[in-house]
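Here is what each chain is made of, one letter per residue.
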Amino acid sequence: NVHINDADSVHTYAQYLKYLGQPRIPHLKKNVRLTDGKGTLITDDLEYNLATGVGSYQKGGKVVNGNTVLTSTDATYYTDTKDVFFKKYVHLTDPENDIKADSLRYNTVRKEAYFIAPTVIKSKGGRTINTKNGIYNLETGQSEFFDRTAFSDSNYSVTGGRLAYDKKTGILQVQDRGKIVDSANRVIMIGDELYLNQNEKTFLGTRKPVMIIY
């Protein structure tokens, strides 16, 4: 029943504590929980630096932020910025998404995921996004992706150098050698500025678009 109260802002709980006084680093084991009011880190083996406010695990754990749960083998939690860097077998789940990656950064205040490695995002609505560089706000549903990201659902497949998507409006903006394939109507649209409206099932091409009917 160990409890560390760090300036009434970060609370850490565990069943075992080994404390190194000079560097102010406690090593905690068994049923470890670190919470700062925004997210809760849960693991069985945690090193928490009281001087820097940085906690890390390397033997598996998870961070719970509201309805969002992130699990990984390694993670480093920065309590001052509320950023968590996850590595190795990262899995993010919430009521709308299932995300798998080797590495990603997550902010517990803004509820934003930053993708820094090959990542697969699957939504409950049937959308799949393959990316290796992007930002996704899980609260607002707004996202932006780079480096030839691919997007697909039951009606369309889309690729482009930059993709920006708003889940509320259903509008996907595609730039930099964009391509939209409407397999149901056998239509392909290519161009440097494309817009797909999922709600209205329409798309618009600008900046020298070409439409191919096959």
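Here the structure is shown first, and the text comes after it.
Residues numbered from 1 in each chain as written. Predicted model: local features only at pLDDT ≥ 70, side-chain atom pairs only at ≥ 80, totals over all residues. Heavy atoms only, no water.

Now for the pairing of strand β2 (residues 10-14). On a regular strand, one side chain projects to one face of the sheet and the next to the other, so that they alternate. Only one face of β2 is buried, namely the one carrying V10, T12 and A14, since none of H11 and Y13 on the opposite face is buried. Sheet analysis places strand β1 (residues 2-6) next to β2, joined by five bridges and oriented antiparallel. If you follow D6 over to β2, its bridge partner there is V10. Direction of pairing for β2 relative to strand β4 (residues 25-35): antiparallel, over a ladder of three bridges. Bridge assignment links H11 to a residue of β4, and that residue is T35. (Buried < 20%, exposed > 50% of the residue type's maximum accessible area, 1.4 Å probe, protein only. Helix = DSSP H or I, 4+ residues; strand = E, 2+ residues; numbered from the N terminus. Pairing = 2+ DSSP bridges.)

Looking now at the side chain of T35. Note that T35 resides in strand β4. For T35, the side chain forms a polar contact with the main-chain nitrogen of G37, separated by 3.4 Å. If we skip the residues at most four places from it in the chain, T35 touches S9, V10, H11, Y13 and T40. (Polar contact = N/O pair within 3.5 Å; in protein donor to acceptor, adjacent residues only side chain to side chain. Contact = heavy atoms within 4.5 Å.)

Glancing now at the pattern of salt bridges. Applying the stated criterion to the full structure yields nine salt bridges. Two residues, R110 and E112, come together in a salt bridge whose shortest N-O distance is 3.2 Å. Since its relative accessible area comes to 16%, E112 is described here as buried. Residue R177 is joined to D176 by a salt bridge in which the shortest nitrogen-to-oxygen separation is 3.8 Å. Residue class for R177 comes out exposed when judged on its relative accessible area of 54%. When its relative accessible area of 39% is taken as the criterion, D176 is described as partly exposed. (Salt bridge = Lys/Arg side-chain N within 4 Å of Asp/Glu carboxyl O.)

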